[in-house]
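Fold and geometry: a report
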Amino acid sequence: VLRSLGIPTRVITNFNSAHDRNINLSIDKYIDTSGKTLHLSEDSVWNFHVWNESWFIRRDLGTFYDGWQVLDATPQERSKGIYQCGPASTRAIKEGDVNLDYDSPFVFAAVNADYVTWIHYNNKRKERIYSDTKKIGKFISTKAVGTNSRVDVTANYKYPEVKEISFKISYSEYKNSLMDDRKILVTAV
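Anyway, here's the lowdown on the structure attached to this text.

Criteria and thresholds
- Residue numbers here run from 1 along each chain, matching the order of that chain's written sequence.
- A pLDDT threshold of at least 70 governs which residues receive local features in this predicted model, and a stricter bar of 80 or more applies before side-chain atom pairs are shown or counted, although totals over entire chains, interfaces and linings include all residues.
- Calculated side-chain values reflect all of the structure's heavy atoms, with hydrogen atoms and water omitted.
- Following DSSP output, two strands are said to pair if at least two bridges run between them.
- Note on conventions: DSSP H or I runs of at least 4 residues are helices, E runs of at least 2 residues are strands, and numbering of each starts at the N terminus.
- Among buried residues, those of type Ala, Val, Leu, Ile, Met, Phe, Trp, Tyr and Cys that are joined through side-chain atoms within 4.5 Å constitute a nonpolar core.
- A 1.4 Å probe rolled over the protein chains alone gives each residue an accessible area, and that area as a share of the maximum for its type sets the label: buried under 20%, exposed over 50%, partly exposed in between.
- In what follows, a contact means two residues having at least one pair of non-hydrogen atoms within 4.5 Å.
- Ring pairs are drawn from Phe, Tyr and Trp, using the six-membered ring of Trp, whenever the two centres fall within 6.5 Å, and their geometry is named by plane angle: stacked under 30 degrees, edge-to-face over 60, tilted for the rest.
- Definition used: whenever NZ (Lys) or CZ (Arg) falls within 6 Å of the ring centre and also within 35 degrees of the ring normal, the charge is taken to sit over that ring.

1. What about the pairing of strand β10 (residues 126-132)?
Across 6 bridges, strand β9 (residues 114-120) lies against β10 in antiparallel orientation. Directly across from V116, in β10, lies its bridge partner S131. Taking the residues that link successive antiparallel strands as the turn, the β9-β10 hairpin has 5 residues, and the phi of K124 there is positive, at about 75°.

2. Side note on the nonpolar core
Counting 12 residues, the largest nonpolar core consists of I12, W51, V70, C85, A88, I93, V107, F108, V111, I140, V153 and Y157. Per-element tally for this core: the top contributor is helix α2 (residues 104-112), with 3 residues. When near neighbours in sequence (up to four residues on either side) are disregarded, I140 contacts I12, T13, N14, V111, R150, V151, D152, V153, T154, Y157 and K158. Among the nonpolar cores identified, the runner-up in size contains 6 residues, and A18, A109, A113 and Y115 belong to it.

3. Some remarks on unusual backbone geometry
A positive phi angle is found at I23, which is not glycine, with a value near 50°. Of note, I23 is situated in the loop between β1 (9-19) and β2 (26-31).

4. Considering the packing of aromatic side chains
The geometry of an aromatic ring pair is captured by the separation of the ring centres together with the interplanar angle, meaning the angle of the planes. Taken as a whole and assessed by the stated rule, the structure comprises 5 aromatic pairs. Consider the rings of F15 and F48, whose centres lie 6.4 Å apart with planes at 50°: the pair is tilted. Of this pair, F15 sits in strand β1 while F48 sits in strand β4 (residues 44-56), and the two are 33 residues apart along the sequence. For F48, a relative accessible area of 48% gives the class partly exposed. One Lys or Arg, R10, reaches over the ring of W68 and ends 4.0 Å from the middle of that ring.

5. A closer look at the sheet that holds strand β3 (residues 37-38)
Strand order in the open sheet formed by 4 strands is β3-β2-β9-β10, and the pairing between neighbours is mixed. Whereas interior strands pair on both sides, the edge strands pair on one side only; in this sheet they are β3 and β10.

6. Looking at the environment of L61
For L61, the position within the fold is in the loop between β4 and β5 (67-71). Exposure remark for L61: the relative accessible area of 24% places this residue in the partly exposed category. Sequence-distant contacts of L61, that is, excluding residues within four places in its chain, are made with L100 and Y102.

Here it is in structure tokens:
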């Protein structure tokens, strides 16, 4: 419909798409002390989810947010009382401006939520044991104009994930570092 009105529009696919029901910007998984999954959260991760982007000028938000806007024709949550999603600025999503209207927190979580695992103890206490910051929002894509090729638009939604750097040291260097730690401990006591 928007294309027929002359508004540039494209389909976007997000792989490992988060569905953050409580809008805390994380996908929470709970396990008991034996490792069994507990169903305490309605959050989920979908293999993929598809929405549309359209190119708008945002006089309501300011020119910084002009450009591609997320519109989801299949919203799963109510927004302001009705099933709708968007138009959320992709610039706002990338910058983490989750305080804006038009479902910015929901779209931000879909592409950039942390996947957090918690141990839930019997006494209602919980402890965070793992957080994966790279699982959500993979290969965010659209179709290339004029061909069937995939165009990766992930950089429009999020900054590159920080790569972990592994350091290799010899056993003797590791052993010496432990000795240094003990010296510091003894000195502090």
